[in-house]
Amino acid sequence: MMDHQKLSVIMPAYNEGEHIFNNLMTTCTCLNGFCTGYELVVVNDGSSDRTYEEIMRAASADPHIKVVSYEKNRGKGHAVREGINAASGKIIAFLDADLDISPAHLKGYLNEMERQAADIVIGSKMHRDSRLDYPLSRRLVSRCYYVILKILFRLNVKDTQTGIKVFRAEVIRRIIGLIRTGGYAYDIEILAVAARFGYRILEQPVTLKFTRKEAFGRIRLKDILRMAKDTFSIFYWLKIKKLYDAGMAPREEY
């Protein structure tokens, strides 16, 4: 059994009332299987359905669940930031509430983080060992976005948007205070800043089973347009204005 003293898993949730109770119970059962110290920080991002009530029902059933909630929907990036502020673990992971990606991945990611002395481990749909049940339209968009990010940021990673990531707490806490975006582009901003600071980012395979009825799930046209705008804003802040550089310091050794 691993003892990460402890692992904090942050799970943003927006209008997931139909499935969130079962998904939280599944996550806790999985984490109990390999981790002796963990908390599951669930962030209700201003849901308008029964998400909050179902989260509270789950929290009553398992003391590992910590609840963060607010009334206005602020976006996934904001929810992640609120989860980080509430987390107490030495390792902080992000996991999507729909469980398209199983929490069982975390065991291998934590092992690889230690074995390879990585600062950040991210799931990658483009890893050669990944297994995907995923709409073709989403795959094409992911490929196009990868090309754009490669040109803009020259990141040495192929996939920034997959919904499972693991960070050393001191790393993500240093970065999150500099993050300016609150929507779907927060992933690229976090990883671009991490690369700028010299942190080691490791990509790992995922098994992904897409469960949403629509090909793009909750992502709407206005979300895509905002993500595009935010992506170019991040490039401007990072490469032109160099706004993040004031937060740079020598990388700590672990």
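Quick notes on the rules
Residues numbered from 1 in each chain as written. Predicted model: local features only at pLDDT ≥ 70, side-chain atom pairs only at ≥ 80, totals over all residues. Heavy atoms only, no water. Helix = DSSP H or I, 4+ residues; strand = E, 2+ residues; numbered from the N terminus. Buried < 20%, exposed > 50% of the residue type's maximum accessible area, 1.4 Å probe, protein only. Areas by Shrake-Rupley, 256 points an atom, 1.4 Å probe, with all protein chains shown as cover. Pairing = 2+ DSSP bridges. Axes fitted to C-alpha atoms, helices over the stretch in contact; angles between N-to-C directions. Contact = heavy atoms within 4.5 Å. Phe/Tyr/Trp six-rings, centres within 6.5 Å; stacked < 30°, edge-to-face > 60°. Lys NZ or Arg CZ within 6 Å of the ring centre and 35° of its normal. Core = buried A, V, L, I, M, F, W, Y, C linked by side-chain atoms within 4.5 Å. Salt bridge = Lys/Arg side-chain N within 4 Å of Asp/Glu carboxyl O.

> It is not clear to me how the overall build of the protein chain should be interpreted in this structure. Could you clarify?
Looking only at helices and strands, the protein chain has eight helices and nine strands in total. Residues classed as buried in the protein chain amount to 52% of the 254 residues present. On the protein chain, roughly 12200 Å² of surface is accessible, and the fraction owed to carbon and sulfur atoms is 52%.

> So what exactly am I meant to see when it comes to unusual backbone geometry here?
Despite not being glycine, N15 has its phi angle at roughly 50°, a positive value. One can find N15 in the loop between β1 (7–13) and α1 (20–32). Even without a glycine there, the phi angle at L99 is positive, about 55°. For L99, the position within the fold is in the loop between β4 (91–95) and α4 (105–115).

> How should I be thinking about the sheet that holds strand β7 (residues 164–168) in this particular structure?
Reading across from one edge, β3-β2-β1-β4-β7-β5-β8 is the order of the seven strands in this open sheet, with mixed pairing throughout. With partners counted over all chains shown, the strands left at the sheet margins are β3 (65–70) and β8 (201–205), one partner each. Strand-to-strand twist in this sheet, taken as the mean axis angle between neighbours without regard to direction, amounts to 20°. Direction of pairing for strand β5 (residues 120–124) relative to β8: parallel, over a ladder of five bridges. Bridge pairing in β8 places S124 opposite P205. Along the sheet, helix α3 (residues 76–86) makes contact with β1, β2 (38–45), β3 and β4, crossing β2 at roughly 140°.

> Where do I start with the packing of aromatic side chains in this structure?
Two measures describe an aromatic ring pair: the distance that separates the ring centres and the angle between the ring planes. As enumerated under the stated definition, the model contains four aromatic pairs in all. Between F94 and F167 the ring centres are 4.9 Å apart and the planes differ by 45°, which places this aromatic pair in the tilted class. Highlighted residues: F94 in strand β4 and F167 in strand β7, separated in sequence by 73 residues. Each member of the pair, F94 together with F167, is buried. Aromatic side chains F153 and F235 sit 6.3 Å apart centroid to centroid with 75° between the ring planes, which places their arrangement in the edge-to-face category. Taken together, the residues F153 in helix α5 (residues 136–153) and F235 in helix α8 (residues 221–240) connect sequence positions 82 residues apart. Residue classification places F153 among the buried residues on the basis of a relative accessible area of 5%. In this structure F235 comes out as partly exposed when scored by relative accessible area, which is 25%. Three or more aromatic residues joined by ring pairs make a cluster, and in this case those are F94, F167 and Y186. If you follow R180 out to its NZ or CZ, it ends over the ring of W237, 5.2 Å from the centre.

> How should the nonpolar core be read in this particular structure?
In a soluble, globular protein the nonpolar side chains are often hidden away together inside. Core analysis: the largest hydrophobic core is formed by 41 residues, its most contacted members being I84, I92, F94, F153, I175, I188 and I190. For this core, the element with the highest residue contribution is helix α7 (residues 186–196), accounting for seven residues. The residues touching I92, leaving out its near neighbours within four places in the chain, are S8, I10, I84, A87, K165, V166, F167, A169, I172 and R173. Ranked by size, the runner-up nonpolar core spans 35 residues in total, among them M11, V42, L99 and M113.

> What is the right way to read the pattern of salt bridges from this model?
Proximity of charged atoms lets side chains of opposite charge pair with each other. Going through the model one piece at a time under the given rule, you end up with eleven salt bridges. E39 serves as the salt-bridge partner of K66, at 3.2 Å between the closest nitrogen and oxygen. Separated by 27 residues along the polypeptide, K66 in strand β3 and E39 in strand β2 bring together distant segments of the chain. Note that D96 and K76 form a salt bridge whose closest N and O atoms lie 2.7 Å from each other. One end of the pair, D96, is in the loop between β4 and α4; the other, K76, is in helix α3, with 20 residues separating them in the sequence. The class of D96 is partly exposed, set by a relative accessible area of 21%. Judged by relative accessible area, K76 falls into the partly exposed class, the value being 22%.

> Explanation requested: α7 in the structure shown.
Among the eleven residues in α7, nine count as buried, and that is most of the element. Residues Y186, D187, I188, E189, I190, L191, A192, V193 and A194 constitute the buried set of α7.

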